[in-house]
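Take a look at the letters that make up each chain.
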Amino acid sequence: MSATAPSVDVKTDEAAQDLTDGFHLLIDALKLNDINTIYNVPGIPITDLGRYMQAAGLRVLSFRHEQHAGYAAAIAGFLTKKPGVCLTVSAPGFLNGLTALAHAQTNCYPMILMSGSSEREIVDLQQGDYEEMDQLAIAKPLCKAAFRVLHAEDIGIAVARAIRAAVSGRPGGVYLDLPAALLGQAMDAAKGAQSLVKVIDPAPAQIPSADSIARALDVLKGAKRPLIILGKGAAYAQADADIKALVEKSGIPYLPMSMAKGLLPDDHPQSAGAARSLALKEADVVMLIGARLNWLLSHGKGKTWGTEPKKFIQIDIEPKEMDSNVEIVAPVVGDIGSCVSALLEGIAKGWTPPPAAWTDAIREKVSTNVSKMAPRLQNNNSPMDFHGALGALKTIIKQRPDAILVNEGANTLDFARSVIDMHKPRKRLDVGTWGVMGIGMGQAIGAAVETGHPVLAIEGDSAFGFSGMEVETICRYNLPICVVVFNNGGIYRGTDVDPTGRDPGTTVFVKDARYDKMMEAFGGVGVTATSPDELTRAVNEAMDSGRPTLVNAIIDPLAGTESGRIGNLNPQSVVSKK
Ligand code: ADP
Ligand code: TZD
Ligand code: MG
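Just so you know, the residues in each chain are numbered from 1, in the order the chain's sequence is written. Just so you know, chain letters begin at A and ligand numbers begin at 1, following the order they were written in. Only residues with pLDDT of at least 70 are given local features in this predicted model, and only at 80 or more are side-chain atom pairs given and counted; all residues enter the totals for whole chains, interfaces and linings. Hydrogens are left out, water is left out, and the side-chain values use all remaining heavy atoms of the structure.

Q: What's the story with the site of ligand 1 in this structure? I'm lost.
A: Being near a molecule or strand, for a residue, means having at least one of its heavy atoms within 4 Å of it. Contacts to ligand 1 come from 19 residues, most closely from R170, K232, R292, D316 and I336. Between ligand 1 and the protein, one listed contact pairs an oxygen atom with a side-chain N or O atom of R170 at 2.8 Å. Two N or O atoms count as a polar contact when they lie within 3.5 Å, although within protein this holds only if one can serve as hydrogen donor and the other as acceptor, and sequence-adjacent residues are included solely when both atoms are side-chain atoms. At a separation of 2.8 Å, an oxygen atom of ligand 1 approaches a polar side-chain atom of R292. Per-residue and other accessible areas follow the Shrake-Rupley method at a 1.4 Å probe size, with only the shown protein chains counted as cover for residues. Within the complex, 96% of the 580 Å² of free accessible area of ligand 1 lies under protein. Tallying contributions element by element places helix α12 (residues 232–236) first for the shell around ligand 1, with three residues. Looking at the shell around ligand 1, its residues break down into eight nonpolar, six polar and five charged. Strands are runs of DSSP state E lasting at least 2 residues, helices are runs of H or I lasting at least 4, and numbering of each runs from the N terminus. When residues are grouped by polarity, Ala, Val, Leu, Ile, Met, Phe, Trp, Tyr, Cys and Pro land in nonpolar, Asp, Glu, Lys and Arg in charged, and all others, Gly among them, in polar.

See the structure below:
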């Protein structure tokens, strides 16, 4: 006995060395596919997963709330064309992350939400496990694909499927369910290594048909007043040089959607940004590149689009997008890089620029509107109005074109979008298709981590409140983020009152709130700015130092308007109008 006992022990040790488990297979699968950053909130059953990931060299950033980890992952997907990964615990953590997954899906950002989940047998019999929930069923309708992995040997395939689903075709959100029991499952290490899959060509080029390109060129050539609309799909595609060449070689005026600003610099002579109404009303042919005809473009019809009959050309990777709101006379289905380069080839074979009457009309309107706006941006009023404050920040962004601008709020969003010129692609990150409040700190952190560039987050005071606790995360990772809170004491304005006199009005906050103290509480810099000059000083200092900073910018509570620029979407009561 005594002679055999040690050899049994040795054998067990050797066997242990040859084993791997769910934790490590998942890490190996992610690393194999160059996924190296995870945005998470730890807890049962994924606490050790985060630790092992960190030990294995992945960057694991822990947030204070899963929604913001999710928004960071979503914007990482937009910026890098690789799925951003958010990791959460079961039921409540999963649900907190799910808002961000649905947001990624809505905005066509590639993202994977991985959530730990409880024991399948107990969940399925609904016996009341710790944080019990059938997460897969709940995630499914809100994302592009949802998978559950039950066996360690399937982890490699599951990660591969998740990556491919997120980035191929129209990018979107993917859910990966990781039952607790999976993570601890052991398997032979060599077999485990063989089970991993490196995804080859995860987002294959989708070449448009020659017919569709010829049709689009025909329609464009027949136009008297053509217009190109660039959407965030065009920014995502990272076909920057070809898109610029297409605009410039064609001579067609272009209008950037919010997150496409900077694909070409906003002060480009062909930009119709400051002549949006005229351009949409008068154009006869509109070519959409990575932009949907959703509410942001009034569904392609109605007053915004004037009385001129329009012909739409649409470039999009998603065939079902065509004819979704109005007829598309020249659908071009493919990836934007391939479609734009095919159009460029066509143009090189012969092209007449659009009539000068049209391009001059747009340029004149732009120049009139820009001159009208200029003096308003230079005021040094205290308390500030939106234009004075944004005029100061516009100059800062011009001087620091590599900085990334994150922007949310109502007035704070709508005014910043039109006032602040962007000079480089993918530098403006905002509320996206839903107009969601709460993306601010998550997107700022995701952008700083993924790009290493400084971030300026311009936040309405309400908008900031949705993710304010993440300033601790910013300080903990010492990220170069300067948050400017436009403090007008409320949602839209700070002047609402409860007619009964009992409570504060529904849209107002504590007066004279000191948001700057929140950043100071965690070791960052807090400053209050009461004039555009003070704002300029504070932001420049923050951007120079790279230290986490929050500038509490005092805005006149009377300056804003209801719902910013989309007040028309509010339903009207007949009773209150009596
Ligand atoms: P915006 O809000 O800026 O108008 P949308 O989010 O509405 O933009 O539209 C983006 C569109 O871009 C989506 O319809 C999506 O399918 C498309 N898209 C995203 N990536 C690509 C790509 N690489 N090639 C072609 N189309 C793309
Ligand atoms: N909740 C979520 C998740 N998204 C939303 N868009 C809203 C609520 C409604 N909402 C807006 O559409 S804008 C806004 C809310 C609450 C805040 C506007 O106030 P603000 O900006 O302080 O951020 P301004 O500058 O005061 O207008
Ligand atoms: Mg406000």
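Next comes the rest of the write-up.
Q: Hey, could you run me through a nonpolar patch on the surface in this one?
A: Each patch is built from salt-bridge-free residues with over 30% relative accessible area, joining like charges within 9 Å and nonpolar side chains (Val, Leu, Ile, Met, Phe, Trp, Tyr) within 5 Å. Put simply, a salt bridge is a Lys or Arg side-chain nitrogen that is within 4 Å of an Asp or Glu carboxyl oxygen. A surface patch of nonpolar side chains, about 270 Å² in accessible area, is lined by W295, I566 and L569. You can see L569 is positioned in the segment after β19 (549–554). Classification of L569 by relative accessible area gives exposed; the value is 53%. Only protein chains enter the calculation, and the probe is 1.4 Å; a residue is then buried if its accessible area is under 20% of its type maximum, exposed if over 50%, and partly exposed in between.

Q: Before we go on, may I ask you to explain the coordination of the magnesium ion (ligand 3) in this structure?
A: Around a metal, the perfect tetrahedron of four donors has angles of 109.5 degrees, and the perfect octahedron of six donors has angles of 90 or 180 degrees. For Na, K and Ca the donor cut-off is 3.2 Å, and for all other metals it is 2.8 Å, counting N, O and S atoms only; because water is absent from this set, sites may look incomplete. For the magnesium ion (ligand 3), the full set of protein donor atoms is D461 (OD), N488 (OD1) and G490 (O), and the range of their distances to it is 2.1 Å. Counting gaps between the donor residues of the magnesium ion (ligand 3) yields the pattern D-x26-N-x1-G. Exposure remark for G490: the relative accessible area of 3% places this residue in the buried category.

Q: I tried to follow the sheet that holds β19 on my own but got confused; where do I start?
A: Consider a sheet: its strands pair through backbone hydrogen bonds, and that pairing is either parallel or antiparallel. Sheet architecture is open: six strands sit in the order β15-β14-β16-β17-β19-β18, paired in parallel fashion. One side of each edge strand has no neighbouring strand; the edge strands of this open sheet are β15 (428–430) and β18 (525–529). Averaged over all adjacent pairs, the angle separating strand axes in this sheet is 20°, with direction ignored. Two strands qualify as a pair provided that DSSP identifies no fewer than 2 bridges between them. Relative to strand β17 (residues 481–487), strand β16 (residues 455–460) is paired through six bridges, and the arrangement is parallel. The partner of V455 across the bridge, within β17, is I481. Helix α19 (residues 440–451) contacts β14 (404–408), β15, β16 and β17 of the sheet and is inclined by roughly 175° relative to β16. Between N-to-C directions, angles cover 0 to 180 degrees, with each direction set by a line fitted to C-alpha atoms, over the stretch in contact for helices. Here a residue-residue contact requires only that any non-hydrogen atoms of the pair lie within 4.5 Å.

Q: It is not clear to me how the site of ligand 2 should be interpreted in this structure. Could you clarify?
A: Taken together, 17 residues lie near ligand 2, and N411, T412, G435, D461 and N488 sit nearest. The separation between an oxygen atom of ligand 2 and a polar main-chain atom of S462 is 2.9 Å. When isolated, ligand 2 has an accessible area of 600 Å², and the protein chains bury 76% of it. The set of elements that each furnish at least two residues to the shell around ligand 2 consists of α18 (411–419) and α20 (461–465). Looking at side-chain class alone, the shell around ligand 2 contains eight nonpolar, eight polar and one charged residues.

Q: Can you walk me through the domain arrangement of the protein chain in this structure?
A: In many analyses, interface size is given as the accessible surface area lost on bringing the parts together. The domain architecture assigned to the protein chain consists of domain 1 (14–194), domain 2 (210–364) and domain 3 (378–554). In this structure, domain 1 and domain 2 have C-alpha centres spaced 38 Å apart. Taken together, the contact between domain 1 and domain 2 spans 14 residues of the former and eleven residues of the latter. In total, domain 1 and domain 2 occlude about 1,000 Å² of area from one another, counting both sides; carbon and sulfur atoms represent 55% of this. Domain limits in this description derive from either an automatic procedure or a database domain assignment. Two parts placed together each lose some accessible area; with a 1.4 Å probe, that loss summed over both constitutes the buried area.

Q: Just checking my understanding: could you explain the side chain of S271 for this structure?
A: Inspection of the secondary structure assignment puts S271 in the loop between β10 (254–256) and α14 (276–282). Judged by relative accessible area, S271 falls into the buried class, the value being 6%. Of the polar contacts made by the side chain of S271, one reaches the backbone nitrogen of G273; its length is 3.1 Å. Those residues in contact with S271 that sit more than four places away from it in its chain are Y254, D266 and V366.

Q: Please clarify how the packing of helix α4 (residues 66–80) against α19 should be interpreted in this entry.
A: α19 packs onto α4 with a crossing angle of 45° between their chain directions and a minimal axis gap of 7 Å. In terms of orientation, α4 and α19 fall into the oblique class. For the pair α4 and α19, the crossing hand works out as right-handed. Only G442, Q443, G446, A447, E450 and T451 of α19 make contact with α4, whose side of the interface consists of H68, Y71, A72, I75, A76, L79 and T80. Looking at the contact of α4 with α19, its residues break down into six nonpolar, six polar and one charged. Relative orientations are named as follows: roughly parallel for angles under 35 degrees, roughly antiparallel for angles over 145 degrees, roughly perpendicular for angles from 65 to 115 degrees, and oblique for any other angle. Two helices crossing with the near one rotated counterclockwise from the far one by less than a right angle form a left-handed crossing, whereas a clockwise rotation gives a right-handed crossing.

Q: Help me out: how do you make sense of unusual backbone geometry in this one?
A: Generally, phi is negative for residues other than glycine and the peptide bonds are trans, each holding for most cases. Omega for the peptide link from I44 to P45 comes to 5°, which places this bond in the cis form. Turning to its location among the elements, P45 is positioned in the loop between β2 (37–40) and α3 (47–55). Each neighbour pair has its own omega, and for S382 with P383 the value is 0°, a cis peptide bond. Secondary-structure assignment places P383 in the loop between α16 (356–377) and α17 (386–399). One non-glycine residue with positive phi stands out, namely Q126, at about 50°. You can see Q126 is positioned in the loop between α6 (120–124) and α7 (135–139). Under the relative-accessibility criterion, Q126 is labelled exposed at 64%. Unlike most non-glycine residues, Y492 shows phi in positive territory, near 75°. Within the secondary structure, Y492 sits in the loop between β17 and α22 (516–520).

Q: Whenever I open this one, the environment of G306 confuses me. Can you help?
A: By the element assignment, G306 lies in the loop between β11 (285–289) and β12 (311–316). Under the relative-accessibility criterion, G306 is labelled partly exposed at 29%. For the pair formed by G306 and D421, sequence separation is 115 residues and the distance between their alpha carbons is 26 Å.

Q: Help me out: how do you make sense of the sheet that holds strand β4 (residues 84–88) in this one?
A: Here we have six strands laid out as an open sheet, ordered β3-β2-β4-β5-β7-β6, and parallel in their pairing. Each of the sheet's edge strands pairs with one partner strand only, and the pair in question is β3 (59–62) and β6 (145–148). Each neighbouring strand pair of the sheet contributes to a mean axis angle of 20°, computed without reference to strand direction. Relative to strand β7 (residues 173–179), strand β5 (residues 111–117) runs parallel, the two being bridged by seven bridges. Note that in β7 the partner of L113 across the bridge is Y175. Relative to the sheet, α3 contacts β2, β3, β4 and β5, its axis offset from that of β3 by approximately 140°.

Q: Could you clarify how one ought to interpret the nonpolar core in this entry?
A: Proteins that are soluble and globular tend to have nonpolar side chains buried together. The set of buried Ala, Val, Leu, Ile, Met, Phe, Trp, Tyr and Cys residues whose side-chain atoms join them within 4.5 Å is what this entry labels a nonpolar core. Of all hydrophobic cores here, the largest spans 93 residues; its most connected members are L230 and I289. With nine residues, α4 is the largest single contributor of residues to this core. Aside from chain neighbours lying at most four places away, what touches L230 is I243, Y254, L255, P256, M257, A260, L263, L264, I289 and A291. Counting 39 residues, the second largest nonpolar core, distinct from the first, contains L58, A145, F147 and A165.

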